[in-house]
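Geometric and topological summary
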Amino acid sequence: MNNSRLPIGVFDSGMGGLTVLRSLKSVLPNESFIYLGDTARLPYGTKSPETVKQYALQMARVLVERQIKALVIACNTATTAALPHLQQLLPDIPVLGVVGPGADAVIAATSNQRIMVFATETTIASEVYQRIILEKLPNAVIHTQACSLLVALAEEGMQDNAIAHEVLRHYLDNFHQQDTLLLGCTHFPVFKPLLKKLLPADVRIVDSADATAKALHAKLSELNLLADVMDQGSATRYLVTDSAIRFQKVSAIFLGESISPSAIEVIDG
Ligand code: DGL
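A brief look at the structure comes next. Numbering of residues starts from 1 in each chain and follows the order in which that chain's sequence is written. A pLDDT threshold of at least 70 governs which residues receive local features in this predicted model, and a stricter bar of 80 or more applies before side-chain atom pairs are shown or counted, although totals over entire chains, interfaces and linings include all residues. Excluded from the side-chain calculations are hydrogens and water; all other atoms, namely the structure's heavy atoms, are used.

1. Some thoughts on the overall build of the protein
The way it works is that DSSP assigns letters per residue, a run of H or I at least four long becomes a helix, a run of E at least two long becomes a strand, and they are numbered from the N terminus. Along the backbone of the protein there are 11 helices and 10 strands. For the C-alpha atoms alone, the extent of the protein along its principal axes is close to 55 × 40 × 35 Å. For the protein, with 269 residues in total, the buried portion stands at 53%. Sequence-distant contacts in the protein: of pairs separated by 6 or more residues, those separated by 24 or more amount to 79%. Per-residue accessibility takes into account occlusion by the displayed protein chains alone, with areas from the Shrake-Rupley method and a 1.4 Å probe. Carbon together with sulfur atoms contributes 49% to the accessible area of the protein, which is approximately 11,900 Å² in total. Averaging the locations of the 22 positively and 26 negatively charged side chains of the protein gives two centres separated by 2 Å. Think of it in three bands: residues with accessible area under 20% of the maximum for their type are buried, residues over 50% are exposed, and the middle band is partly exposed, with areas taken using a 1.4 Å probe on protein chains only. Contacts are residue-level and defined by heavy atoms, with any inter-residue pair within 4.5 Å sufficient. Counted charges follow a simple rule, with Lys and Arg positive, Asp and Glu negative, and His plus the chain ends left uncounted. Taken as the charge centre is NZ of Lys, CZ of Arg, CG of Asp or CD of Glu, depending on the residue.

Shown next, in the form of structure tokens:
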């Protein structure tokens, strides 16, 4: 089989990566995808980098066994903990993370170089965003905020209620002169409508989804691995390590379309 016809593997700790899959499907409409959510072990964002790296390796192995032509780590925490390692381990396929594209997006969006980053505890502790952004914008002033509660709220489908409102207000406490908010966790884009209500109208809210999809498009094109328009991408398959019912119920908020229960398979992690 021509490798360009193989699916693209995408994984996250849970449903957050579906916000990336949504952009991937839109930018790469001829491609097939296998999405893996490690729902049994979510959250990743409060665990140590060593543990997250182990989980990421296991998730990558599951996808590689199913024959994929590229791997997208649709999770900032797992990208931070495991991207270079996975790239080394899988030299035959492109392996992309979401952190580089997210940093590029925020660099393109900011005018006053005052940036706020919302991410998980583990991503914030790694200082990965500061490192990448300051390399390109050495005068940038970057504030960071660990927002662990947002992951639980998003997975509960509570992205726009009174509790989410209060939690966001709490996390926005230090938001003052920034002109750009980077959502450095793939679970967070579901809060965009509420964030828009809470922030001044001229604040830009950016995430890594579109930038990651564009980066993957460029990589596949460079390697001559883009699926042909005639391939028409087969239906996306979804793998979870726990509770298909829960995943099916809440996933539409992240993906923007509902997933048929028959497309979801529960696997051992
Ligand atoms: N979606 C993941 C990220 O982008 C983290 C969620 C979690 O804590 O599991 O970092």
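Picking up after the structure, the text goes on.
2. Focus: the site of the ligand
Contacts to the ligand come from 14 residues, most closely from S13, Y44, G45, N76 and T77. Counted as a polar contact is a pair of N or O atoms within 3.5 Å, where, for protein atoms, one must be capable of donating a hydrogen and the other of accepting one, and residues adjacent in sequence contribute only when both atoms are in side chains. Contact between the ligand and G45: an oxygen atom at 2.8 Å from a main-chain N or O atom of the residue. One of the side-chain N or O atoms of H187 is found 2.8 Å from a nitrogen atom in the ligand. For the ligand, whose free accessible area comes to 300 Å², the fraction covered by protein is 100%. With a 1 Å grid spanning the protein atoms alone, the term cavity applies to any set of points in which a 1.4 Å probe fits but cannot get out, the term pocket to an open set with protein on both sides within 12 Å along at least five of seven lines, and the term lining residue to any residue with an atom within 4 Å of a point. Those molecules having more than half of their atoms within 2 Å of a cavity or pocket grid point set are described as sitting in that cavity or pocket. Among the cavities detected, the one that contains the ligand is the largest cavity. Residues are counted as near a molecule or strand when any one of their heavy atoms sits within 4 Å of it.

3. Section: the packing of helix 1 (residues 18–27) against helix 11 (residues 244–255)
Running from N to C, helix 1 and helix 11 point in directions that differ by 55 degrees, and their axes come no closer than 8 Å. As summarised for this structure, helix 1 and helix 11 are arranged oblique, according to the angle between their axes. Note that helix 1 runs across helix 11; the crossing there is right-handed. Contact residues: helix 1 offers L18, T19, L21, R22 and K25, while helix 11 offers F247, S251, I253, F254 and L255. Looking at the contact of helix 1 with helix 11 residue by residue, the class counts come to 6 nonpolar, 2 polar and 2 charged. Angular values range over 0 to 180 degrees, each being the angle between N-to-C directions of two axes fitted as lines to C-alpha atoms, with helices fitted over their stretch in contact. An angle below 35 degrees is read as roughly parallel, one above 145 as roughly antiparallel, one from 65 to 115 as roughly perpendicular, and any other as oblique. The hand of a helix crossing depends on one turn: near helix anticlockwise from the far one by less than a right angle means left-handed, and clockwise means right-handed. Each residue gets one of three labels, nonpolar for Ala, Val, Leu, Ile, Met, Phe, Trp, Tyr, Cys and Pro, charged for Asp, Glu, Lys and Arg, and polar for the others, Gly among them.

4. Topic: the nonpolar core
Side-chain atoms within 4.5 Å link the members of a nonpolar core, which is a set of buried Ala, Val, Leu, Ile, Met, Phe, Trp, Tyr and Cys residues. Ranked by size, the top nonpolar core spans 51 residues in total, and within it L24, F118, L150 and L195 carry the most contacts. Composition of this core by domain shows at least three residues from each of domain 1 (3–97 + 210–266) and domain 2 (100–208). In contact with F118, not counting residues within four places along its chain, are Q145, C147, L150, Y171, L172, L181, L182, L183, G184, C185, F188 and L195. Within the second largest apolar cluster, 26 residues are counted, among which are L63, A78, A82 and L90. Note that the domain bounds reflect an automated or database-derived domain assignment.

5. Observations concerning empty space enclosed by the protein
Grid points are joined across faces, edges and corners, and a volume is the space filled by probe spheres set on the points. Counted under the stated rule, the structure contains 2 cavities of 30 Å³ or more. Roughly 60 Å³ of internal volume is contained in the largest cavity. Taken together, D12, S13, P43, Y44, G45, C75, T77, T120, V151, C185 and H187 make up the full set of residues lining the largest cavity. Here the residues of the lining of the largest cavity are counted per class, giving 5 nonpolar, 5 polar and 1 charged. Shared between two domains, the lining of the largest cavity holds at least three residues of each, these being domain 1 (3–97 + 210–266) and domain 2 (100–208). Surrounding the second largest cavity, T19, V20, L183, C185, T186, P189, D207, S208 and A209 form its lining.

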